[in-house]
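Now for the letters of each chain:
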Amino acid sequence: HDLARSAAVGAWCVQSRHAKEIQERKKQNPNGTIMLFFTVSNSDHIQGAALVTSPPVFDARLAQKYPDGFQYGLQVEWYRTVELPITQAVEAAPDLLLPTQETQLCQDMTRTTGMALLKAMWESPLATLYEPFVEEEDEDRSQPDLTRPVWPTAPGPGFIFGCNSQTMDECLGRGIFGLPAHMKRAASSIRPGSSVFLFNVTDRLLFGTFEAVTSAEMNVEATAFSKNPKATTSPFPVQIRVRVSLECPPLEDSDPVLGQILRGRGGGGRIGPVTHAQAEAIASLLALQCGALDYMTEYRAASLEGKAVRPPPIAVPPKVAQKK
């Protein structure tokens, strides 16, 4: 969420040691370019790159909000937001070192490494940073609303698979989702535990929430989605095994909240990777409409108070069934 806010307001904050380094480099070369690259904890991905457009300045307001030292604010211009797997980033820039707690969550890199990483990012598909918190224009946007409930999802990006009215039953019956061969690289971010969803392109409905049981592999079941029982390769050979994480009514593609979450991926662009914030928001929206999110919130509150909790809600039939 911090990156989504940064992209929206064009600002970032750093600790004093890194602020001094940026200030020193600006003094040495006033016309030089300083790029910041971002990765999200536990995501195993490079998330984006932004150009520093102002020197970092101490901000007393940040000092009050961030006791861990992120007290220097600077202006940035976001160049690109992606979901570049760390493995691919290291292949492109072998000298890449990732930030750790020991380096205060920031790591210097050489110009050569930075250029190689930036090139790899430009060759990666764009990813939308979704900001799920709706606030007034004059409201403080420096911190996320931690009181807003969200449905628990695994760290890292998620994925939306596609099906049609003919293949949906097979997807659910086999517990396998598939993609065409050219999407193998796009599916490389899927790990066991990743949140995945199924978009029916015929009915324009998004189903979930599912959990990946395996990483994406080629032809887990070669006969899947094929009319030939002796097929040696599936027409959708990039496959994962899944299980139901939470059974909910589907979301209609015209849902305005879903449109906001997936803005920039309209029309036929629903299928593909989503950021962790987007996966969390979709899962929360699904859980909200079936009552599971309210139940989770009430259960947590009652458990803390030692109270009895009402039974969980009964699953609601899919919207498509209600229309018949």
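Small disclaimer: the values here were computed from a predicted structure and weren't measured.

What counts, and where the lines are drawn
- Residues numbered from 1 in each chain as written.
- Predicted model: local features only at pLDDT ≥ 70, side-chain atom pairs only at ≥ 80, totals over all residues.
- Heavy atoms only, no water.
- Helix = DSSP H or I, 4+ residues; strand = E, 2+ residues; numbered from the N terminus.
- Buried < 20%, exposed > 50% of the residue type's maximum accessible area, 1.4 Å probe, protein only.
- Areas by Shrake-Rupley, 256 points an atom, 1.4 Å probe, with all protein chains shown as cover.
- Pairing = 2+ DSSP bridges.
- pLDDT = per-residue confidence, 0-100.
- Contact = heavy atoms within 4.5 Å.
- Expected span 1.5 Å × (residues − 1).
- Arc of directions from axis to C-beta.
- Phe/Tyr/Trp six-rings, centres within 6.5 Å; stacked < 30°, edge-to-face > 60°.
- Axes fitted to C-alpha atoms, helices over the stretch in contact; angles between N-to-C directions.
- Parallel < 35°, antiparallel > 145°, perpendicular 65-115°, else oblique.
- Nonpolar A, V, L, I, M, F, W, Y, C, P; charged D, E, K, R; others polar.
- Salt bridge = Lys/Arg side-chain N within 4 Å of Asp/Glu carboxyl O.

(A) Representation of the overall build of the protein chain. Each helix and strand counted, the protein chain has ten helices and 13 strands in total. A buried classification covers 45% of the 324 residues belonging to the protein chain. For the protein chain, the accessible surface area stands at approximately 17,400 Å², while carbon and sulfur atoms represent 54% of it.

(B) Structural detail: the pairing of strand E3 (residues 45–52). Across the eight residues of E3, eight count as buried, placing the element largely inside the fold. When strand E2 (residues 35–39) meets E3, the two strands line up antiparallel, connected through five bridges. Bridge pairing in E3 links Phe 38 to Gly 48. Alignment of E3 against strand E5 (residues 72–85), held across seven bridges, turns out to be antiparallel. Among the inter-strand pairings, Gly 48 is bridged to a residue of E5, identified as Thr 81.

(C) Quick peek at the confidence of the model for the protein chain. On average, the protein chain scores 79 in pLDDT, and the residues at 70 or more come to 83%. Taken element by element, the protein chain is modelled with least confidence in helix H10 (residues 319–322), mean pLDDT 40, and with most confidence in strand E8 (residues 195–200), mean pLDDT 94. The model gives residues 131–147 a pLDDT under 50, and that stretch makes 33 contacts with residues more than four places away or in other chains. The low-confidence segment residues 314–324, where pLDDT is below 50, has twelve contacts with residues more than four positions distant or belonging to other chains.

(D) Broad picture of helix H5 (residues 111–122). Relative to the 16 Å expected for twelve residues at 1.5 Å per residue, H5 spans 16 Å between its end C-alpha atoms, a close match to the ideal helical length. Thr 113, Gly 114, Leu 117, Leu 118, Ala 120 and Met 121 are the residues of H5 that are buried. Take H5 and look down its axis: the buried residues cluster within an arc of 160 degrees, on one side only. In this structure, H5 carries Arg 111, Thr 112 and Lys 119 as exposed residues pointing more than 90 degrees from its buried face. Where H5 is buried, its residues touch E2, E3, E5 and helix H4 (86–92).

(E) Structural context of the packing of aromatic side chains. Tallied over the entire structure, the rule returns seven aromatic pairs. Seen from their ring centres, Phe 159 and Phe 161 are 4.9 Å apart, and the 50 degrees between their planes marks the pair as tilted. Residue Phe 159 shares its accessibility class with Phe 161, and that shared class is buried. A network of ring pairs unites the aromatic residues Phe 159, Phe 161, Phe 177 and Phe 210 as a single cluster.

(F) Here's a closer look at the side chain of Ser 195. For Ser 195, the location among the structural elements is in strand E8. Note on Ser 195: relative accessible area 7%, which makes it buried. Once residues lying within four places of it in the same chain are set aside, the contact partners of Ser 195 are Thr 153, Ala 154, Gly 158, Phe 159, Phe 210 and Ala 279.

(G) Looking closely at the packing of helix H8 (residues 276–289) against helix H9 (residues 292–305). One can describe the packing of H8 onto H9 by two numbers: an axis separation of 5 Å at closest approach and a directional angle of 90 degrees. In this view, H8 runs roughly perpendicular relative to H9, as classed from their interaxial angle. Residues Ser 284, Ala 287 and Leu 288 of H8 lie in contact with H9, whose contacting residues are Ala 292, Leu 293 and Asp 294. Of the residues contributing to the contact of H8 with H9, the split by class is four nonpolar, one polar and one charged.

(H) Here's a closer look at the environment of Thr 53. Position of Thr 53 among the secondary structure elements: in the loop between E3 and strand E4 (57–58). On the accessibility criterion, Thr 53 (45% relative accessible area) is partly exposed. Expressed as a C-alpha distance, the spacing of Thr 53 and Thr 33, which sit 20 residues apart in the sequence, is 8.7 Å. Once you skip the residues sitting within four places of it in the chain, Thr 53 turns out to touch Gln 75, Val 76 and Glu 77.

(I) Region of the structure containing the environment of Ile 261. Structurally, Ile 261 can be placed in helix H7 (residues 256–261). Distance in space between the C-alpha atoms of Ile 261 and Gln 278 is 6.1 Å, their sequence separation being 17 residues.

(J) Fine view of the pattern of salt bridges. Scanning the entire structure with this criterion turns up eight salt bridges. Here Arg 243 and Glu 211 are joined by a salt bridge, their closest N and O atoms 3.0 Å apart. Here Arg 243 is found in strand E11 (residues 238–244), whereas its partner Glu 211 is found in strand E9 (residues 205–212), with 32 residues between them in sequence. What makes Glu 211 partly exposed here is its relative accessible area of 23%. Ionic pairing is found between Glu 221 and Arg 241, a salt bridge with its closest N-O pair at 3.4 Å.

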